[in-house]
Amino acid sequence: MILVTGGAGYIGSHTCIELDNEGLDFVVFDNLCNSSKESLKRVSQIIGKDVKFIEGDIRNETDLQKIFDLYDIDSVIHFAGLKAVGESIEKPLAYYDNNVIGTIKLCEVMAQNNCKKIVFSSSATVYGDPHTTPITEDFPLSTTNPYGRTKLFIEDILKDLFTSDHEWKVILLRYFNPIGAHKSGLIGEDPNGIPNNLMPYISQTAVGKLEQLSVFGDDYDTHDGTGVRDYIHVVDLAEGHVKAIEKIDSLENVLTVNLGTGKGYSVLDIVKAFEKVSEKKIPYKITARRNGDIAKCFADPSYAKSVLGWEAKRSIDEMCEDSWRWQSKNPNGYKNN
Ligand code: NAD
Ligand code: WQD
């Protein structure tokens, strides 16, 4: 049985479906601080069976131990964490507490129960402002905000754990920019309040909830001056986790892998692709650069292909189509449905 921490969230809920598709059994553990039970109800609807769920906090050892008492947990996919860059600058302690302390508690309880396999949600944010693109896993690491530092600390903590005890099997997955949603339109990204990220901002503008997109800067050194990112379909990302879990038993060292497509699209490329598939006009204005943003970030995904046998398959049009289906069917996300 696989324990999926943060499994009610955006990437976790999509991963549950792909685990089920592969016949892998799982239980979700989530404190619902950034999600709701509705996402898991929808997952149940899609997979045609109940989802095992325990509500609890990874910082609470009693909550965690309950799962190990109830289920025979073989490995953990660890999504649980806070993820808003801006909020992390305002509330650094909340981020260090939730993400870093939470992961330490999780690993302690895992070790006490002799479960030593973990797949961790890291981020391309650990590459800071890369000196060039595409980005390979051996690029220098740095970051400019507390959220990113939690990812760097946790990567190091998990590496130290392996050094101390080679029974640990650790996979660090560095995600690029996940967007899109499940084809059914039943699950998707449901940010609280005004979205920070590009795709939910565009899709909420398309559905009429927001007036106008602000494009943060058009004077970057990119093909049209706007920021370039490696957008990856969340279902491709979810499939990457299945490959990681299938690989984990054979590891002899900590495995660190980029999950990206290798393609970079600008903000305006995304606006155009979204307009094409949704047949909606996205009003936008060019504004100042956002603090901390970089010009260009995209992966070299070749290591994922060679080591996990995984590569992203879904196109930017499919990502936009699926984001749009989710947003138009659920204008208020999981609320009031
Ligand atoms: P999300 O907020 O939708 O999901 C995270 C889930 O973790 C939520 O359901 C939340 O309720 C739960 N959670 C948070 N703290 C918890 C705690 N202390 N105990 C139990 N549950 C807790 O976010 P997501 O986009 O699905 O991201 C999943 C993971 O991937 C996060 O660790 C995030 O940092 C990482 N990541 C996300 C992105 C992205 O752009 N979405 C990119 C790179 C990495
Ligand atoms: C994408 C592009 C913006 C909003 C963040 C985190 C990163 C990772 C993924 C977790 C940029 C531009 C955005 C808007 C805009 N998360 N933009 N108007 O910043 O690449 O990455 O999410 O690990 O750590 O930093 O993603 O979607 O916010 O921005 O012009 O209203 O869209 O400037 O070029 P980002 P994003």
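Up top is the structure these notes are about.
Regarding the overall build of the chain
Scanning the chain for helices and strands turns up 11 helices and 14 strands. Taken over C-alpha atoms, the radius of gyration comes to 19 Å for the chain, in line with the 20 Å a tight globule of 337 residues would show. Once the C-alpha set of the chain is aligned to its principal axes, its extents read approximately 55 × 45 × 40 Å. When burial is assessed residue by residue, the chain has 55% of its 337 residues classed as buried. Put simply, of all contacts in the chain between residues at least 6 apart along the chain, 80% involve residues at least 24 apart. For the chain, the accessible area works out to roughly 14,400 Å², and carbon and sulfur atoms hold 47% of it.

Description of the site of ligand 1
Close to ligand 1 lie 28 residues, the nearest being Ile-11, Asp-30, Asn-34, Ser-35 and Tyr-147. Within the side chain of Ser-35, an N or O atom sits 2.7 Å from an oxygen atom of ligand 1. The backbone of Phe-79 places a nitrogen or oxygen atom 2.9 Å from an oxygen atom of ligand 1. If ligand 1 stood free it would expose 810 Å²; the protein chains cover 95% of that surface. Those elements that provide at least two residues to the shell around ligand 1 are helix H1 (10-21), strand S5 (117-123) and helix H6 (146-164). Considering every element that reaches the shell around ligand 1, the biggest residue donor is S5, with 3 residues. Residues of the shell around ligand 1, tallied by class, amount to 12 nonpolar, 11 polar and 5 charged.

Description of the sheet that holds strand S14 (residues 296-297)
Spatial strand order, S12-S9-S14: 3 strands in an open sheet with mixed pairing. The open sheet is flanked by strand S12 (265-266) and S14, the only strands paired with a single partner. Across 2 bridges, the pairing between strand S9 (residues 228-229) and S12 is antiparallel. Directly across from Val-228, in S12, lies its bridge partner Ser-266.

Quick notes on the sheet that holds strand S1 (residues 2-5)
Across the sheet, which stays open at both edges, the 7 strands sit in the order S3-S2-S1-S4-S5-S6-S11 with parallel pairing between neighbours. A strand with exactly one partner marks an edge of an open sheet, and here the two such strands are strand S3 (52-55) and strand S11 (255-259). Going from strand to strand, the sheet's axes swing by 20 degrees on average, the running direction of each strand aside. Bridging between strand S2 (residues 26-30) and S3 involves 4 bridges; their strand directions are parallel. Paired with Asp-30 across the strands is Glu-55, a residue of S3. On the sheet, helix H3 (residues 61-70) packs against S1, S2 and S3 and is oriented at approximately 170 degrees with respect to S2.

Regarding the nonpolar core
In globular proteins that are soluble, nonpolar side chains generally tend to be buried together. By size, the foremost hydrophobic cluster in this structure holds 41 residues, and its most contacted members are Phe-26, Val-119, Ile-171, Leu-173, Val-257, Leu-259 and Leu-308. Mapped onto this core, the elements with two or more residues apiece are S1, H1, S2, helix H2 (37-47), strand S6 (169-175), helix H8 (234-247), S11 and helix H10 (302-308). For this core, the leading source of residues is H8, giving 6 residues. Setting aside its immediate chain neighbours within four residues, Val-119 contacts Val-76, Ile-77, His-78, Ile-171, Leu-173, His-241, Ala-244, Ile-245 and Ile-248. In this structure, Val-27, Val-109, Ile-118 and Phe-162 belong to the second largest nonpolar core, which totals 26 residues.

Points about the packing of aromatic side chains
Throughout the structure, instances matching the rule amount to 5 aromatic pairs. Aromatic side chains Phe-274 and Trp-324 sit 5.7 Å apart centroid to centroid with 80 degrees between the ring planes, which places their arrangement in the edge-to-face category. Of this pair, Phe-274 sits in helix H9 (residues 267-278) while Trp-324 sits in helix H11 (residues 316-329); the two residues are 50 residues apart in sequence, bridging distant segments of the chain. Trp-324 shares its class with Phe-274; the two are buried. Every member of this aromatic cluster is reached through a ring pair, and the members are Tyr-127, Phe-139 and Phe-176. The positively charged end of Arg-289 is found above the aromatic ring belonging to Tyr-220, 4.0 Å away from the centroid.

Considering the pairing of S6
Most of S6 sits out of view: 7 of its 7 residues are buried. Burial of S6 is two-sided: the residues Lys-169, Ile-171, Leu-173 and Tyr-175 facing one way and the residues Val-170, Leu-172 and Arg-174 facing the other way are all buried. Relative to S6, S5 runs parallel, the two sharing 7 bridges. From the neighbouring strand, Phe-120 faces S6, where its bridge partner is Leu-172. Here 5 bridges tie S6 to S11, and the two strands are oriented parallel to one another. Its bridge partner lying in S11, Leu-172 is registered against Thr-256.

Rules used in this analysis
Residue positions are given per chain, counted from 1 along the sequence in the order it is written. Chains carry letters and ligands carry numbers; both start at the beginning, A for chains and 1 for ligands, and go up in the order they are written. Residues qualify for local features only when their pLDDT is at least 70, as the model is predicted, and side-chain atom pairs are given and counted only at 80 or more; totals for whole chains, interfaces and linings, by contrast, use all residues. Water and hydrogen atoms were dropped before computing side-chain values, which therefore reflect all heavy atoms in the structure. Under the DSSP-based scheme used, a helix requires at least four consecutive residues in state H or I and a strand at least two consecutive residues in state E, with every element numbered from the N terminus. To get the radius of gyration, use the C-alpha atoms; to get the globule rule, take the number of residues to the power 0.38 and multiply by 2.2 Å. The rule is simple: take the accessible area with a 1.4 Å probe, protein chains only, and divide by the maximum for that residue type; under 20% is buried, over 50% is exposed, in between is partly exposed. Contacts between residues were defined by any pair of non-hydrogen atoms, one from each residue, lying within 4.5 Å. Per-residue accessibility takes into account occlusion by the displayed protein chains alone, with areas from the Shrake-Rupley method and a 1.4 Å probe. For this description, a residue counts as near a given molecule or strand if any of its non-hydrogen atoms is within 4 Å of it. Counting of polar contacts relies on pairs of N or O atoms within 3.5 Å, with two restrictions inside protein: one atom must be capable of donating a hydrogen and the other of accepting it, and residues adjacent in sequence are counted only when both atoms are side-chain atoms. When residue character is reported, Ala, Val, Leu, Ile, Met, Phe, Trp, Tyr, Cys and Pro are called nonpolar, Asp, Glu, Lys and Arg charged, and the others, Gly included, polar. Pairs of strands are assigned from DSSP output, requiring at least two bridges between the strands. Only the stretch in contact is used when a helix axis is fitted, and all axes are lines through C-alpha atoms; the angle between N-to-C directions ranges over 0 to 180 degrees. Nine residue types can take part in a nonpolar core, namely buried Ala, Val, Leu, Ile, Met, Phe, Trp, Tyr and Cys, and a core is a set of them joined through side-chain atoms within 4.5 Å. Put simply, two rings from Phe, Tyr or Trp (the six-membered ring, in Trp's case) pair if the centres are within 6.5 Å, and we call them stacked under 30 degrees between planes, edge-to-face over 60, tilted for the rest. Two conditions define a charge sitting above a ring: the NZ of Lys or the CZ of Arg must be within 6 Å of the ring centre, and it must be within 35 degrees of the ring normal.

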